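Structural features, examined
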Amino acid sequence: MATLSAFSSPPWPNPNPNPNPNPNPNFVDSFSDHSFPLESDSDSPMPQDPIEPPHPQETNPNPNPTPIPGIQNPFTTTPDSPPSPQPNLLHLSFNQDHGCFAAGTDHGFRIFNCDPFREIFRRDFISSSTDSAAEESGGGISAVEMLFRCNILALVGGGPHPQYPPNKVMIWDDHQSRCIGELSFRSNVRSVRLRRDRIVVVLEQKVYVYNFADLKLLHQIETIANPKGLCAVSQQTSSLVLVCPGLQKGQVRVEHYASKRTKFIMAHDSRIACFALTPDGHLLATASSKGTLVRVYNTIDGTLLQEVRRGADRAEIYSLAFSSTAQWLAVSSDKGTVHVFSLKVNSASAGNDKPRSASDPNLAVTQSSSSLSFIRGVLPKYFNSEWSVAQFRLPEGSHYIVAFGHQKNTVVILGMDGSFYRCQFDTVTGGEMTQLEYHNFLKPEEAF
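All values reported here derive from a predicted model rather than from experimental measurement.

Summarising the model, the protein shows a mean pLDDT of 77, and 69% of its residues fall at 70 or more. Confidence drops under a pLDDT of 50 for residues 5-57, and excluding neighbours within four residues, the segment shows 107 contacts in the predicted structure. Below pLDDT 50 for its whole length, residues 352-376 participates in 51 contacts with residues either more than four positions away or in separate chains.

The structure is reproduced here in structure tokens:
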């Protein structure tokens, strides 16, 4: 059973008494025009929604939700709270356009801007006291999901002393500086994904899709064991594409809600370790637990469009990321190197499965293939592999995630040790990237 509850007066002061205007007013208007009732009067477990998938109705784990109030302006102010001891990181994630990132800690959560780098907001739920009673009081946040730059976030408690039960998704309104509702489940929440019109909650072997406006259940999907909470959703408003593990090892399931179609792709022989989706939902990059190859698929028909090689040794892939134009693909792993690959197929042409021409002026770097490719089919496939065109080497021993920056030909790398790197790659010569910037975002305010 999952329930959504509303809360009363805020338990903490508002950290944003004078927020700046929203840089994305169209998004705010689309929600602020709605007036939501306090209680839902619908007992139907599956709403009549135009993108409802053609699957049989199932029991709604959220039969009497309380709709979320309207979404308002984004948080844009720097915190005025006193410095607190350096926390331990539990979670890192970028927002949908990679312009911000969120950090969940054993004290609370923090939101940062990527370009320019600065801390935007923080909420520490425990005091700076080292008293054992304060430590036992909670504060740990194991997942923070942003919705672009608006005031609504999804939080999940975690760590040794979680702020909230780990089987709940807490809907946090930054303007009210409090939780305005919760979704409660029978098992722990592995991850949450947000769109402007959907909330997706991932459990160990289930994925729930809710309508954002009234929190009605639209769909639930069974998956193979998914302890990492792997899930990706497109962000294009005209269509919703959702990707999650299938029911078999190495399989991914692609839900095209606009066309009411489901596509299963046998992406790898080994279990799926990581995947990423382009914002329009046309391209899917996948990696397995082996971690040597990354494959790019057309999500519409499941066609394998390209295969690139990270390396020869096994590795754990931590993150995959497409550039905004799907011209580049970035990969981070436990080997301590971030790779950037050049893609042959861009997202716009994915539906037509047309590879990009080698004469494309936007594709200055040719694929780094083995010099032995002329004897294709004679030697093992390894010798005909497509390798990365640019690399950045990091200190080993930390978990890193990567995304493309808003500056041209740049990547942003975040480490669970608190490191922030901005690097630039040369599209003509490739090779080692140039480090442009470094910060430790866990250190006190002098870093900002």
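All right, on to the sheet that holds strand β27 (residues 400-404) then. Reading across from one edge, β27-β28-β29-β31 is the order of the four strands in this open sheet, with antiparallel pairing throughout. The open sheet terminates on both sides in strands that have one partner only, identified here as β27 and β31 (434-440). Pairwise comparison of adjacent strand axes, ignoring direction, gives a mean angle of 20° for this sheet. Here β27 runs beside strand β28 (residues 410-415); their pairing, made up of five bridges, is antiparallel.

So, about the side chain of His256. Along the chain, His256 falls in strand β15 (residues 251-256). By relative accessible area, His256 is classed as buried at 9%.

Here we come to the sheet that holds strand β14 (residues 241-245). Pairing in this open sheet of four strands is antiparallel, and the strands run β13-β14-β15-β16 from one edge to the other. The sheet terminates laterally at β13 (232-233) and β16 (261-266), the two strands that pair on one side only. Of the strand pairs in this sheet, β13 and β14 are connected by two bridges, and their pairing is antiparallel. Residue Val233 lies in a different strand from β14, and its bridge partner there is Leu242.

Charged atoms that come close allow side chains of opposite charge to pair. Considering all chains together, one arrives at eleven salt bridges under this definition. Here Glu204 makes a salt bridge to Arg190, at a shortest N to O gap of 2.7 Å. A residue pair is termed long-range when its members are at least 10 positions apart, and Glu204 in the loop between β10 (198-202) and β11 (206-211) and Arg190 in the loop between β8 (178-184) and β9 (191-194) qualify at 14 residues. Here Arg190 falls in the partly exposed class, since its relative accessible area comes to 36%. Salt bridges linked by common partners bring Asp115, Arg422 and Glu437 together as one network.

Criteria and cut-off values
Residues numbered from 1 in each chain as written. Predicted model: local features only at pLDDT ≥ 70, side-chain atom pairs only at ≥ 80, totals over all residues. Heavy atoms only, no water. pLDDT = per-residue confidence, 0-100. Contact = heavy atoms within 4.5 Å. Pairing = 2+ DSSP bridges. Helix = DSSP H or I, 4+ residues; strand = E, 2+ residues; numbered from the N terminus. Axes fitted to C-alpha atoms, helices over the stretch in contact; angles between N-to-C directions. Buried < 20%, exposed > 50% of the residue type's maximum accessible area, 1.4 Å probe, protein only. Salt bridge = Lys/Arg side-chain N within 4 Å of Asp/Glu carboxyl O.

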